Every structure is written in C-alpha cells, then in structure tokens.
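Residues per chain are reported as follows:
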Amino acid sequence: MSWIKLKTALINSINPIQLNQLFPTFAAMTKIEEVAEDAAEEGVEHKTWKGRLWGIIKIVLIIAITGGLLYYVFSKVPWAEVKYRLIHADKAWVFAAVLCYFCSMLFSSWRLLSFFKSIGLKLDYRFNLRLYFLGMCYNVLLPGGIGGDGYKIYLLHKRFKLPTKKVFWAILLDRLSGFWAIGLITVALIILIPKIDVHFGIPTGIFVVGTIIYYWVTHRFFKDYSHNFVAAHLKAIGVQSMQILVIVCLLIAQSDFHLFVTKTSPYLLSFLISSMAAVIPFSLGGGGVRDAIFLTASKQFNIAKDMAVYLSFSFYLISIVVALLGVYYVIRPSRLQEGLPANEEIN
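*Asks:* Where do I start with the overall build of the protein in this structure?
*Replies:* Regarding its fold elements, the protein presents 15 helices and zero strands. Residue burial in the protein is summarised as follows: out of 347 residues, 45% are buried. Long-range pairs, those at least 24 residues apart, make up 77% of the contacts in the protein between residues at least 6 apart in sequence. Of the roughly 18,000 Å² of accessible surface on the protein, a fraction of 67% belongs to carbon and sulfur atoms.

See below:
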C-alpha cells in the first residue's frame, strides 16, 4: 500500500458530516484535500509521470529543507566548535542521555497503548513496543513515504480489522497528549526564567483554561478515547520529563557545565519549543528544524550558541540511533508478531 493510498483511506474513513458540524470550514478543506489526493492516487496507480515526479520532488524538498537548515545553523555556529563538544563530551553522561531517551520511548509506547485500550484494542505490550520502534525506524528511513504512524494504522487495521479512523484518532490524540505535557512543563520553565517578564498567573491561567477546554472537547467529541485520559496524560508527562533529562545529561557531559548551571532553564525551554516545531514533517526526523530554533532561542535568552547547537544536534543523533533499533523488525518482520495468537481478537 502506497502512502497516498493510505492517506486517502484515512481521509475517506473519517465521517465528513460529523466533522462539518464541528468545524464549519472543514467541508471546503475536505473537498480540496480529496481532489488533490484523488489526482495523486490516480497518478500512482497508473504510474503517470506526474505521480512519479511528485514523489521525487517531495523527497528532494525534505532533504533540501533539512540540508538548508543545517547549512544555515552551521554558517552561524562553526562546525568545529560543535564537533569539539561532541568529541569531548563525557561518554558516561552521553550514555545516560541515550538511556533516558530510550526510556522516554518506553513511556511513549505505553502512553499510546492507553489510547488503544480506550477503543478496545488490547495489544500485547511487547507487540506494541516492537511496532512502536518499527514506526520510529520508518520515520527515519522513509522521508516522504508511508511514515511510522501510517504504517501502524495500516498494520493494525489489517491485523485486527479495526476501522482505520479509530486507529487514526487514537494516534492523533496520543500526539496531542504530548503537546499538552510540553505545555505543562513549558509553563513551569517560563515561571523560572527571570528574563521572561510576565506574571506567573498569566501562563498558568492560560494553561489551566486550555486544559479544561481540551478535556471538554475530548470528552464531548471523542468520548471513547477519554477512558484512560488521566493515565495517558500522566504517561505523557513521563515522556517529556525523560526527554528533559536527556538535555540535562548532555549539559552535564560538558566539562564547562559549571558555567551553565544557572542558565539550565533557558536551554530546557528552547528544547521544548523546538520539540513542538520538529513534529511538523518537513524535514528528516526534525533535523535542522530543532537546531534552527535552538539557535534563534540562544539570541533571545543570551545563551551560548555552540552549546545550544550541540544540544539540539546531539538529541537528533540520539533519536536516530534509538530509532534504528527498529531495523531489526524490517530485516526480520516475522519477529514483529512473535508470541501473538494466530487469530487475536479485539475484546
């Protein structure tokens, strides 16, 4: 199944009448999306030059954007300075950073499992974890392709005969819970940074009101997915907390860390902001995007540019290393579903 077919199936599986009632502009957006997807799908099915050309252009654009952003970053911060920090970082603390990132992925997989359980999809935790790492691997290896989330939707639909829209919404709401957790920690860090001259009640109030609206919308329109709402969002906090620890470990890994002890919060806030932007799929695994935002934030918070880029680039490398653990299931796909019953059913 091509990525275009899969995406078209996802769009068609969502009830447009119901969404039109929720969002007045959705009807027009859906028509435009359907026309574009139908044209693209036709191009792929008949192997027209347009379909092939678009696939090539999209991959080239993603690679070009990633390369362009990295070029911009390293034109502002000499690669030699970042390389020095990478080579001379304390290996024990770098390993601790890798371990923290791996643990964040365990939390993330566990969080997604909560949303799957909400729709009656009771997956074996081992299978869910394998599938999660395989999805991460696809995100790294297939720029502009089916993607990790798309593969999970396809495989779960094929294996358990569950409507694609149910799996789609479970994965989307899982991502939203991550944004909520980032928002929570961001508010806490804003309060701790004196340079941000704002009363703590303002960001706190905005977050509380936003959380209430977020919960109401979820409970009102996605009730089936809200059964494990609290548990899933506690796990989301766990995910982001472990990734914050990744940055802390990378900071401590530097011999001049004592110079940055009092400025840790700005680095962490910059990381959280870059994490939100890196989710947008127009670069290779967020490469370049995170670095550019870190570099921009370094000007706002008066933090060391070489340290900022070292942190963002190191995090990117660690994410790739951990994601490539999923290659094992690409090479040996039979191990992915090892231990599952022959005909597992949804309860």
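*Asks:* What am I meant to see in the environment of Tyr 71 here?
*Replies:* Counting through the fold element by element, Tyr 71 comes out in helix α4 (residues 49-76). The exposure class of Tyr 71 is exposed, given its relative accessible area of 65%. Measuring from C-alpha to C-alpha, the distance between Tyr 71 and Ala 292 comes to 9.8 Å, with 221 residues separating the pair along the chain.

*Asks:* Where do I start with the packing of helix α13 (residues 289-301) against helix α14 (residues 305-323) in this structure?
*Replies:* Each pair of packed helices can be described by the angle between their axes along with the distance between the axes. Two numbers describe how α13 lies on α14: the axes approach to 9 Å, and their chain directions differ by 155 degrees. The pairing of α13 with α14 is recorded here as roughly antiparallel in orientation. The crossing of α13 and α14 is right-handed. Here Arg 290, Asp 291, Phe 294, Leu 295, Ser 298 and Lys 299 of α13 come into contact with α14, specifically with Lys 305, Ala 308, Val 309, Leu 311, Ser 312, Phe 313 and Phe 315.

*Asks:* For this particular structure, what's the right way to read the packing of aromatic side chains?
*Replies:* Aromatic ring pairs: the centre-centre distance and the angle between the two ring planes describe each pair. This structure, assessed with the given rule, holds 16 aromatic pairs. Centre to centre, the rings of Trp 79 and Phe 313 are 5.8 Å apart; their planes meet at 85 degrees, and the pair counts as edge-to-face. Of the two residues, Trp 79 is situated in helix α5 (residues 79-88) and Phe 313 in helix α14; the sequence distance between them amounts to 234 residues. By relative accessible area, Trp 79 is classed as partly exposed at 39%. Residue Phe 313 is classed as buried on the basis of its relative accessible area, which comes to 12%. Here a set of aromatic residues connected by ring pairs shows up, and it is made of Phe 74, Trp 79, Phe 313 and Tyr 316.

*Asks:* Help me understand the confidence of the model for the protein, please; the structure alone is not making it clear to me.
*Replies:* Interpreting fine coordinate detail is not advised for predicted regions of low pLDDT. The predicted model of the protein has a mean per-residue pLDDT of 77, with 75% of residues at 70 or higher. Element-level pLDDT for the protein is lowest in helix α3 (residues 26-45), with a mean of 37, against a maximum mean of 93 in helix α6 (residues 91-118). Across residues 1-46, confidence stays below pLDDT 50; counting only partners more than four residues off in sequence or on other chains, it has 47 contacts. Predicted confidence is poor over residues 343-347, with pLDDT under 50, and the contacts of this stretch with residues over four places away or in other chains come to 10 contacts.

*Asks:* Help me out: how do you make sense of α14 in this one?
*Replies:* Along an α-helix, residues three or four positions apart point the same way, because every turn accommodates 3.6 residues. Here α14 spans 27 Å end to end across 19 residues, near enough to the 27 Å set by a 1.5 Å rise per residue. Among the 19 residues that make up α14, 15 are buried, leaving the element largely enclosed by the rest of the structure.

*Asks:* Help me understand the environment of Lys 305, please; the structure alone is not making it clear to me.
*Replies:* With respect to the helices, strands and loops of the structure, Lys 305 is situated in helix α14. Of the residues examined, Lys 305 reaches a relative accessible area of 37% and is grouped as partly exposed. Sequence spacing of Lys 305 and Lys 76 is 229 residues, and the spatial spacing of their C-alpha atoms is 8.6 Å.

*Asks:* Hey, could you run me through the state of the cysteines in this one?
*Replies:* In protein chemistry, a disulfide is the covalent bond that joins the sulfur atoms of two cysteines. Taken as a whole, this structure holds zero disulfides when the rule is applied. Cys 103 carries a free sulfur, and the closest cysteine sulfur to it, the one in Cys 100, is 6.4 Å from it. Residue class for Cys 103 comes out partly exposed when judged on its relative accessible area of 26%. As a non-bridged cysteine, Cys 249 has Cys 100 as the owner of its nearest cysteine sulfur, 4.2 Å distant.

*Asks:* Help me understand the pattern of salt bridges in this model?
*Replies:* Close approach of charged atoms allows side chains with opposite charge to pair. Within the structure shown, the criterion is met by four salt bridges. For Asp 174, the salt bridge is made with Arg 111, and the minimal N-O distance between the two is 2.7 Å. Here Arg 111 lies in helix α6 and Asp 174 lies in helix α9 (residues 164-192), a separation of 63 residues in the sequence. Assessed through its relative accessible area of 3%, Asp 174 is described here as buried.

*Asks:* Quick question: what am I supposed to make of the environment of Pro 203 here?
*Replies:* Inspection of the secondary structure assignment puts Pro 203 in helix α10 (residues 201-221). Judged by its relative accessible area of 10%, Pro 203 falls in the buried class. Those residues in contact with Pro 203 that lie beyond four places of it in its chain are Val 187, Ile 190 and Val 198.

Cut-off values and rules
Residues numbered from 1 in each chain as written. Predicted model: local features only at pLDDT ≥ 70, side-chain atom pairs only at ≥ 80, totals over all residues. Heavy atoms only, no water. Helix = DSSP H or I, 4+ residues; strand = E, 2+ residues; numbered from the N terminus. Buried < 20%, exposed > 50% of the residue type's maximum accessible area, 1.4 Å probe, protein only. Contact = heavy atoms within 4.5 Å. Areas by Shrake-Rupley, 256 points an atom, 1.4 Å probe, with all protein chains shown as cover. Axes fitted to C-alpha atoms, helices over the stretch in contact; angles between N-to-C directions. Parallel < 35°, antiparallel > 145°, perpendicular 65-115°, else oblique. Left-handed = near helix turned anticlockwise from the far one by under 90°. Phe/Tyr/Trp six-rings, centres within 6.5 Å; stacked < 30°, edge-to-face > 60°. pLDDT = per-residue confidence, 0-100. Expected span 1.5 Å × (residues − 1). Disulfide = S-S within 2.5 Å. Salt bridge = Lys/Arg side-chain N within 4 Å of Asp/Glu carboxyl O.

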